[in-house]
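# Understanding the architecture of this molecule
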Amino acid sequence: MDPVVIDSGASHSYTNCNDDFIEEPTLLQNFNITGIGAHLPAKSKGKVRWITTDDHGNTITIVITAIYVPRLPVRLLSPQQLHLELPPKDSNTSSLSIGSTTSVLKWLNHSKTIVHDRNSKLPTFYIEPIVSSSLLATSTKQSNLDPHQQQLLDAHYRLGHPSMHLMINKPTQFGLPQRFSRVRVPICESCQLGKQTRTCNNKTHQRPIRGNPISPGDEVSIDQMECSLPGRYFNGPGHATSHSITVGTIFQDHASRFVYTHLQQSTNAQETLNAKFAFESLMHTYGIQIRHYRADAGAFASVSFVDKVKQSNQTINFSAPGYHQQNGIAERTIRTLTAKARTMLLHAASRWSSEIIQPNYGPTH
Ligand SMILES: [Zn+2]
């Protein structure tokens, strides 16, 4: 939630977010700000929309003229301006009653008790976060698509953003009728934002890892991906604990391209051994024995891991230090997984509000 401070000393309301505007704002030149944001450059002026709740829990939309000051630390609401633009229906006064820890703002027929911020001591209320306008474009159905393209896009969302070209090349693999192979590929904004990378124009070093035919279990690439932002367990208590996920161990079978990810709290040897055990147990259910691993050094070079590999009649070889490209299959899988996670987070961030307001919104959830 984004904070808005009630500033009774301000004659205008101010915003620091361009996405608040509901219409194209007019540009300002040589406009001087007084009060909290004095000396900061103002850019433009227009109608903003701030959505909050009143004391009865009703959602209120405040549409008010505000000045855009990009470097302002917080949005400011002028109560005088609120009274002028949204006057009460039955009396001619709006009011702001200031207490020691709370203030009460009354305007139109709304009443809102506002708690003072613990640090600044200023009356501060919170509005719904604004989704960036570039992402907002993805939150509505694209009107320029034909019904088949819209259906393809919905399936693409539902299946977790797989490659659109793969979907039209082999539509039946994705549960779509064969006629989808003739559909012109629509663009998914979440994929455009989440999967963009630098392009390599030197393709000379591309070559297959191995030309000989192999079968599942013959070779498995392993690697670990680490994330500095800890994640929660699916079955956790719902709040932050010291037991959070920061590492994923990736296993990719060369022949079948099957990928398994084991979530861990750290890269320590015991947890990595547990990951190996979990992967091999899963493969065992398909009747597949693992014969060879390909790894970077790190946790996989620990004595306990190498011993376990030998005990299981398996072999392992390592990339030279610093030469991650020698473990290219696992490294590419990590890139695919991180891009996919980023895309799905962007997709969710741009759509969660419309999903809540319209629970029956298409088959995209
Ligand atoms: Zn996509």
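Residues numbered from 1 in each chain as written. Predicted model: local features only at pLDDT ≥ 70, side-chain atom pairs only at ≥ 80, totals over all residues.

## What to know about the overall build of the protein chain
Within the protein chain one finds 8 helices and 15 strands. The buried share of the protein chain, taken over its 365 residues, is 22%. Taking all contacts inside the protein chain whose residues are at least 6 apart in sequence as the whole, residues at least 24 apart take part in 61%. (Helix = DSSP H or I, 4+ residues; strand = E, 2+ residues; numbered from the N terminus. Buried ≥ 20, exposed ≤ 12 C-beta atoms within 10 Å, placed from the backbone. Contact = placed C-beta atoms within 7 Å.)

## Re the sheet that holds strand β11 (residues 220–231)
Sheet architecture is open: 5 strands sit in the order β13-β12-β11-β14-β15, paired in mixed fashion. Looking at strand neighbours, the two that pair on one side only are β13 (259–264) and β15 (315–318), the edges of this open sheet. Strand-to-strand, the axes of this sheet are offset by a mean angle of 25 degrees, without reference to chain direction. One ladder, built from 4 bridges, connects strand β14 (residues 292–295) with β15; its direction is parallel. From the neighbouring strand, Tyr293 faces β15, where its bridge partner is Ile316. In the packing of helix α6 (residues 269–285) onto the sheet, contacts are made with β12 (245–253) and β13, and the angle to β13 comes to roughly 145 degrees. (Pairing = 2+ DSSP bridges. Axes fitted to C-alpha atoms, helices over the stretch in contact; angles between N-to-C directions.)

## Let's talk about the pairing of β13
Regular strands place side chains that alternate from one sheet face to the opposite one. Strand direction decides the pairing type here: β12 and β13, joined by 6 bridges, are antiparallel. Within β13, the residue paired with Val247 across the bridge is Gln264. In textbook terms, the turn of a hairpin is the stretch between consecutive antiparallel strands, and for β12 and β13 this stretch comprises 5 residues, one of which, Arg257, has a positive phi near 65 degrees.

## A closer look at the environment of His83
Along the chain, His83 turns up in helix α1 (residues 79–85). With 12 residues separating them in the primary sequence, His83 and Ser95 have C-alpha atoms 8.4 Å apart. Beyond its immediate sequence surroundings of up to four residues, His83 is in contact with Ser94 and Trp107.

## Considering unusual backbone geometry
For Leu108, which is not a glycine, the phi torsion comes out positive at approximately 45 degrees. Structurally, Leu108 is set in the loop between β8 (102–107) and β9 (110–115). C-beta crowding within 10 Å serves as the criterion here: with 16 such atoms nearby, Leu108 is assigned to the partly exposed category. Backbone geometry places Asn313, a non-glycine residue, at a positive phi of 60 degrees.

## Some thoughts on the sheet that holds strand β7 (residues 95–98)
Here 3 strands make up an open sheet; going across it, the order is β7-β8-β9 and the pairing antiparallel. The sheet is open, and its two borders are formed by β7 and β9, each paired with just one other strand. On average, each strand axis in the sheet is inclined to that of its neighbour by 15 degrees, with strand direction left out of account. Two strands pair when backbone bridges link them, and β8 and β9 are joined in this way by 6 bridges, in the antiparallel orientation. Bridge pairing in β9 places Leu105 opposite Lys112.

## Here we look at the nonpolar core
Counting 21 residues, the largest nonpolar core has Val4 and Ile67 as its most contacted members. Those elements that place two or more of their residues in this core are β1 (2–6), β4 (44–53), β5 (59–68), β6 (75–77), β8 and β10 (124–127). At 4 residues, β5 tops the list of elements feeding residues into this core. Counting 15 residues, the second-largest nonpolar core is a separate cluster that includes Phe251, Met283, Ala299 and Ala330. (Core = buried A, V, L, I, M, F, W, Y, C linked by C-beta atoms within 7 Å.)

## Focus on the environment of Asp253
Structurally, Asp253 can be placed in strand β12. Note: C-alpha distance between Asp253 and Ile222 (31 residues apart in sequence) is 9.0 Å. Setting aside chain neighbours within four positions, we find Asp253 in contact with Pro216, Gly217, Val220 and Phe258.

## Examining the packing of α6 against helix α7 (residues 303–311)
Packing of α6 against α7 brings their axes to within 9 Å, and their N-to-C directions diverge by 25 degrees. With respect to α7, the axis of α6 lies roughly parallel. As for how α6 packs across α7, the hand of that crossing is right-handed. Contacts between α6 and α7 involve Ala269, Thr272, Leu273 and Lys276 from the first element and Ser304, Phe305 and Lys308 from the second. (Parallel < 35°, antiparallel > 145°, perpendicular 65-115°, else oblique. Left-handed = near helix turned anticlockwise from the far one by under 90°.)

## As for the pairing of β12
Across the 9 residues that make up β12, a large majority, 7, are buried. When β11 meets β12, the two strands line up antiparallel, connected through 8 bridges. Opposite Ser221, over in β12, you have Gln252 as the bridge partner.

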